[in-house]
There are 2 protein chains.
Amino acid sequence: MRSAVLSVGTEILFGQITNTNSVYISQQLNLLGFDVLYHYTVGDNDGRLSEMVDLAFKDCDLIITSGGLGPTEDDMTKETVCKVMGDNLVEHEPSMEALVEGSKKLGHKLTENNYKQAMMPSKATVFDNDAGSAPGFALEKNGKIIICMPGPPREMTRMFQRRVKPFLEKYQDKAIYYKTLRFFGKGESSLETDLLDLIDAQKDPTIATYAKEGECTVRVASKRDTLEEAKKAVADTTDIIVSRLGQYIYSIDDEELVQVVGRKLLEKGITISCAESCTGGMFAETLTSVPGISEVFDRGLVTYTANAKIDELGVREDTITKHTVYSAEVAKEMAAGLYEKTGSNICVSITGIAGPGGEMPGKPVGLIYIGCAFAGDVKVREVHMRNVSRNWNRHYAVLSMLDMVNKCIDEANLN
Amino acid sequence: MRSAVLSVGTEILFGQITNTNSVYISQQLNLLGFDVLYHYTVGDNDGRLSEMVDLAFKDCDLIITSGGLGPTEDDMTKETVCKVMGDNLVEHEPSMEALVEGSKKLGHKLTENNYKQAMMPSKATVFDNDAGSAPGFALEKNGKIIICMPGPPREMTRMFQRRVKPFLEKYQDKAIYYKTLRFFGKGESSLETDLLDLIDAQKDPTIATYAKEGECTVRVASKRDTLEEAKKAVADTTDIIVSRLGQYIYSIDDEELVQVVGRKLLEKGITISCAESCTGGMFAETLTSVPGISEVFDRGLVTYTANAKIDELGVREDTITKHTVYSAEVAKEMAAGLYEKTGSNICVSITGIAGPGGEMPGKPVGLIYIGCAFAGDVKVREVHMRNVSRNWNRHYAVLSMLDMVNKCIDEANLN
């Protein structure tokens, strides 16, 4: 079913709240196998609202609205929908009873405008609201369906799960399945180039690439008669992509890199410590965002000054003088010194230039060195980052550290 | 000017990403004094995109789009906009140079589809992108303006501030001025209650309160015939608010708390080090997001295990046994030990429970202790956080640390 998500609320147009309802409703509709063609947002304005409904029905069979079902004068979704669908509002007895009951419980006196919330289109299927006072409803006419839900996300999501989803399942024609593959170390253009034959030939499954904060994802989606068929189609295409580009893929289940690394460390009981310079604690902070990581994460040192590197990690002054602090040698000594000190299984270090200042001859902003002491060996990786901004650089540097740790763990497995 | 915000991207319709661009653009347009009438989102689909542009122009004079300017085949915003506005794409030399220059720096080879990003409508005002590869542009025809920006929020917001805002300021009819006051340690409801008389009586300037990630802001905005009038109106209202609630205000210029603290440390040449437990490096990471901070930030220790606290900071085993690691005593010894070790002017420490697990009898999730050694004294602050989530707790804990450091610096000044 082709569908549109219509949000009603002036506060969205003011940028005062983020429209999370349309995200949720879209996800749910996609999971049901319905295509979402449009999101619209309008204020509490009768003319623009009815225009949007008319427009959406030109292209779509289903409109889901949220917002504008409240008791106040500017809430006019129901009235507008009635006008467009040729219905009229009548008192809905179960809704009125629920309203009276609810206000008794809270010890509130119902005001005149409260009663408005129990008025429903005469031909509607009404959805009760067990998390608030505004019921929702579905109204059908000539094969077109409009479903109206309240705006507060908690009320809307509950109503969707309890009432709207079962209502919509009757209209499902196909089953949908998708997988999201996550890549690191490969840009979107280059990724697309490597998959161009698949993308050009795609019909089902569809393949879509996205760039996101230094990473790339590929979504493989299929819509078939049965879920099994869809799953098989996605698995077949995923296999081809993995066979081509497996070295860049760290998850085929849309798992974040830090989650992948955290999970592996915990599963294998590998302890870890880190020594950071340019990332300023961001690696430690990122890794410790994983709940339970305290079982394997011993400590992190943010050795920002040269002095701190010498003091805390035993980096030799001589090495710094000879190679500068931004060098493979210093990264190596940082990791080795940290291992000396902590005995953690993996000791990862970083030094480099996050910018905007700090560059030196032969050492541009965006140059980083990552050291990794593991299984009796200290490896160093040199990375030239795109130097987008200080924060982006730091973020990308942390991803690079996580990627190096991830690969270390995987390689150790091979032996 | 009546305006519409148009987002382009199939990933939004799939519910894979939240549309924060429309929030940001709406806020910015409202600040410029433009009305936002609609938000639309469409996929990368030529027909639907051009239909939306046509529709928006019926009612609006300005459309701002984001997304669909990438190098890949499904990116078609430019082509569609050209069709609607009666223009055609030509090679834009400065964009081509920037593209070639950028790829050289990265050592990437430009692929065929990369060049697409340097093609621009022939009559466009081009906006360069210093945070990514896709330039944006504005195209005017018969008093209607369409502005196209790239989709990644970081690129879009930079382009808006650097290029689009100055471009749009020419179309402002009234002068708008506003100030954003930033609060810490006061909730939004309580803030609103304290300002209720002002809020109820408001006409111009308007006063709006926002809660945001543990902080509150108050925006005082005025729209007058001249900038001077608007500035004066805002200043008068700001003075009243500061006289009432000054103790909670850390900036009257929308400066982030970390920027305020970083600036003061640098201006006064006060050195700082930190020792973190539950925040896992987030304080160091946050502080080192300030460019140039290396002049005063010596080092940070993320002493996650009890052992690391004893080893690195000389916390006594006895203190931990007696009071647990989540105690004022341990926070105090952490700060004192760090001062011993580093001699930094300010040594700030934290220990506590970020959750979701880890609570103990009498020590609920959300309880933190912050130690601060400064000017020969070690102070400890106990904070009970709302325990919203692990990440929120860590974020709020870092703000509390920054607030304590900020107050320490201010108090020292009084002596």
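Residues numbered from 1 in each chain as written. Chains lettered and ligands numbered in written order. Predicted model: local features only at pLDDT ≥ 70, side-chain atom pairs only at ≥ 80, totals over all residues. Heavy atoms only, no water.

Student: Please clarify how the overall build of chain A should be interpreted in this entry.
Tutor: Looking only at helices and strands, one finds 14 helices and 17 strands in chain A. Taking 415 residues into account, the globule formula puts the C-alpha radius of gyration at 22 Å, and chain A, at 28 Å, lies well above it. Each principal axis of the C-alpha distribution contributes one length, and for chain A these read about 85 × 55 × 40 Å. Residues counted as buried form 54% of the 415 residues belonging to chain A. Relative to all contacts within chain A whose residues are 6 or more apart in sequence, the contacts with residues 24 or more apart total 66%. Side-chain charges in chain A split into 46 positive and 59 negative, and the spacing between the mean points of these groups amounts to 1 Å. (Helix = DSSP H or I, 4+ residues; strand = E, 2+ residues; numbered from the N terminus. Rg over C-alpha atoms; globule rule 2.2 N^0.38 Å. Buried < 20%, exposed > 50% of the residue type's maximum accessible area, 1.4 Å probe, protein only. Contact = heavy atoms within 4.5 Å. Lys, Arg positive; Asp, Glu negative; His and termini not counted. Charge placed at Lys NZ, Arg CZ, Asp CG, Glu CD.)

Student: Honestly, the interface of chain B and chain A in this entry has me stumped. Any pointers?
Tutor: The extent of an interface is frequently quoted as the accessible surface area lost upon association of the parts. Opposite the 69 residues of chain B that make contact, chain A presents 70 residues. Across the interface of chain B and chain A, roughly 5,700 Å² is buried in total on both sides, 52% from carbon and sulfur atoms. Between the two partners, chain B and chain A, sit 8 salt bridges. Viewed at the interface, chain A and chain B are joined by 30 residue pairs in polar contact (both at pLDDT 80 or more). Residue assignment for the side of chain B that touches chain A shows that the elements contributing at least two residues are helix H1 (10-13), helix H2 (20-31), strand S2 (35-42), helix H3 (46-59), helix H11 (282-287), strand S14 (297-303), helix H12 (306-313) and helix H15 (390-414) of chain B. (Buried area = accessible area lost by both parts, 1.4 Å probe. Salt bridge = Lys/Arg side-chain N within 4 Å of Asp/Glu carboxyl O. Polar contact = N/O pair within 3.5 Å; in protein donor to acceptor, adjacent residues only side chain to side chain.)

Student: Just checking my understanding: could you explain the sheet that holds strand S6 (residues 125-127) of chain B for this structure?
Tutor: Across the sheet, which stays open at both edges, the 12 strands sit in the order S6(A)-S7(A)-S8(A)-S3(A)-S1(A)-S2(A)-S2(B)-S1(B)-S3(B)-S8(B)-S7(B)-S6(B) with mixed pairing between neighbours. A single partner strand is all that each edge strand has here, and the edge strands are strand S6 (125-127) of chain A together with S6 of chain B. With strand direction ignored, the average angle separating the axes of adjacent strands in the sheet is 15°. As paired elements, strand S3 (residues 62-66) of chain A and strand S8 (residues 144-149) of chain A share 5 bridges and run parallel to each other. (Pairing = 2+ DSSP bridges. Axes fitted to C-alpha atoms, helices over the stretch in contact; angles between N-to-C directions.)

Student: Sorry, what's going on with the domain arrangement of chain A here?
Tutor: Split by domain assignment, chain A resolves into domain 1 (2-169), domain 2 (175-251) and domain 3 (257-414). Once you take the C-alpha centre of each, domain 1 of chain A and domain 3 of chain A turn out to be 51 Å apart. (Domains from an automatic or database assignment.)

Student: What should I look at first to understand the state of the cysteines in this one?
Tutor: Chemically, a disulfide is nothing more than a covalent bond linking the sulfur atoms of two cysteines. All names here are of chain A. Tallied over the entire structure, the rule returns 0 disulfides over all chains. There is no disulfide at Cys82, and the cysteine sulfur nearest it, in Cys148, is 9.0 Å away. We classify Cys82 as buried; its relative accessible area is 4%. (Disulfide = S-S within 2.5 Å.)

Student: Help me understand the side chain of A:Thr342 in this model?
Tutor: All names here are of chain A. With respect to the element layout, Thr342 can be found in helix H13 (residues 328-342). Overall, Thr342 belongs to the buried group, its relative accessible area being 17%. Here the side chain of Thr342 touches Ser344 through a polar contact of 3.1 Å, landing on its backbone nitrogen. Discounting residues that sit within four places of it in the chain, Thr342 has contacts with Ser273, Asp298, Arg299 and Cys347.

Student: I keep staring at unusual backbone geometry and nothing clicks. Help me out?
Tutor: Peptide bonds are, in most cases, trans, and in most cases residues other than glycine have a negative phi. With an omega of 5°, the peptide bond running from A:Asp204 to A:Pro205 counts as cis. The peptide bond linking A:Gly355 to A:Pro356 adopts the cis configuration, its omega dihedral lying at 0°. With respect to the helices and strands, A:Pro356 occurs in the loop between strand S15 (346-352) and strand S16 (367-374). Its identity is not glycine, yet A:Asn142 carries a phi of approximately 50°, on the positive side. Along the chain, the position of A:Asn142 falls in the loop between strand S7 (136-141) and S8. Exposure remark for A:Asn142: the relative accessible area of 73% places this residue in the exposed category. Positive phi, normally seen in glycine, also occurs at B:Thr324, with a value near 70°. One can find B:Thr324 in the loop between helix H13 (317-323) and helix H14 (328-342). The class for B:Thr324 is partly exposed, based on a relative accessible area of 22%.

Student: Would you mind showing me how to read the pattern of salt bridges here?
Tutor: Two side chains bearing opposite charge may form a pair once their charged atoms approach each other closely. Evaluation of the coordinates by the stated rule reveals 59 salt bridges over all chains. For the salt bridge of A:Asp204 with A:Arg224, the shortest nitrogen-to-oxygen distance reads 2.7 Å. With A:Asp204 in the loop between helix H7 (188-201) and strand S10 (206-212) and A:Arg224 in strand S11 (residues 215-224), this residue pair connects regions lying 20 residues apart in the sequence. Residue A:Asp204 is classed as partly exposed on the basis of its relative accessible area, which comes to 29%. In this structure, the salt-bridge partner of B:Arg162 is B:Asp128, at a minimum N-O distance of 3.1 Å. Placement of B:Arg162 in helix H6 (residues 153-169) and of B:Asp128 in the loop between S6 and strand S7 (136-141) is noted, with a sequence separation of 34 residues between them. Accessibility expressed as a relative area gives 24% for B:Arg162, which makes it partly exposed. By relative accessible area, B:Asp128 is classed as partly exposed at 34%. Salt bridges here are not isolated pairs; linked through shared partners, they connect A:Asp298, A:Arg299, A:Asp311, A:Glu312, A:Lys341, B:Asp298, B:Arg299, B:Asp311, B:Glu312 and B:Lys341.

Student: Help me understand the packing of H7(A) against helix H8 (residues 227-245) of chain A, please; the structure alone is not making it clear to me.
Tutor: When two helices pack together, you describe them by how their axes are tilted relative to each other and by the distance separating the axes. All names here are of chain A. Contact pair H7 / H8: the axes reach a minimum separation of 11 Å and the direction vectors enclose 140°. Considering their axes alone, H7 and H8 lie oblique with respect to each other. By crossing handedness, the relation of H7 to H8 is classed as right-handed. For the pair H7 and H8, the contacting residues are Leu191, Asp194, Leu195, Asp197 and Leu198 in the first and Ile240, Ile241, Arg244 and Leu245 in the second. Along the lines of polarity and charge, the residues of the contact of H7 with H8 split into 6 nonpolar, no polar and 3 charged. (Parallel < 35°, antiparallel > 145°, perpendicular 65-115°, else oblique. Left-handed = near helix turned anticlockwise from the far one by under 90°. Nonpolar A, V, L, I, M, F, W, Y, C, P; charged D, E, K, R; others polar.)

Student: Even after reading the chapter, I still don't get the sheet that holds strand S14 (residues 297-303) of chain A, so can you show me in this structure?
Tutor: Reading across the sheet, the 10 strands line up as S17(A)-S16(A)-S15(A)-S13(A)-S14(A)-S14(B)-S13(B)-S15(B)-S16(B)-S17(B) and stay open at both edges, with mixed pairing between neighbours. Since the sheet does not close on itself, it has two edges, and those belong to strand S17 (377-384) of chain A together with strand S17 (377-384) of chain B, each with one partner. Geometrically, the sheet is characterised by an average inter-axis angle of 10° between neighbouring strands, direction not taken into account. Two strands pair when backbone bridges link them, and S16(A) and S17(A) are joined in this way by 8 bridges, in the antiparallel orientation. From the neighbouring strand, A:Cys372 faces S17(A), where its bridge partner is A:Lys379. Packed on one face of the sheet, H13(A) meets strand S13 (272-276), S14, S15, S16 and S17 of chain A and runs near 145° to S15(A).

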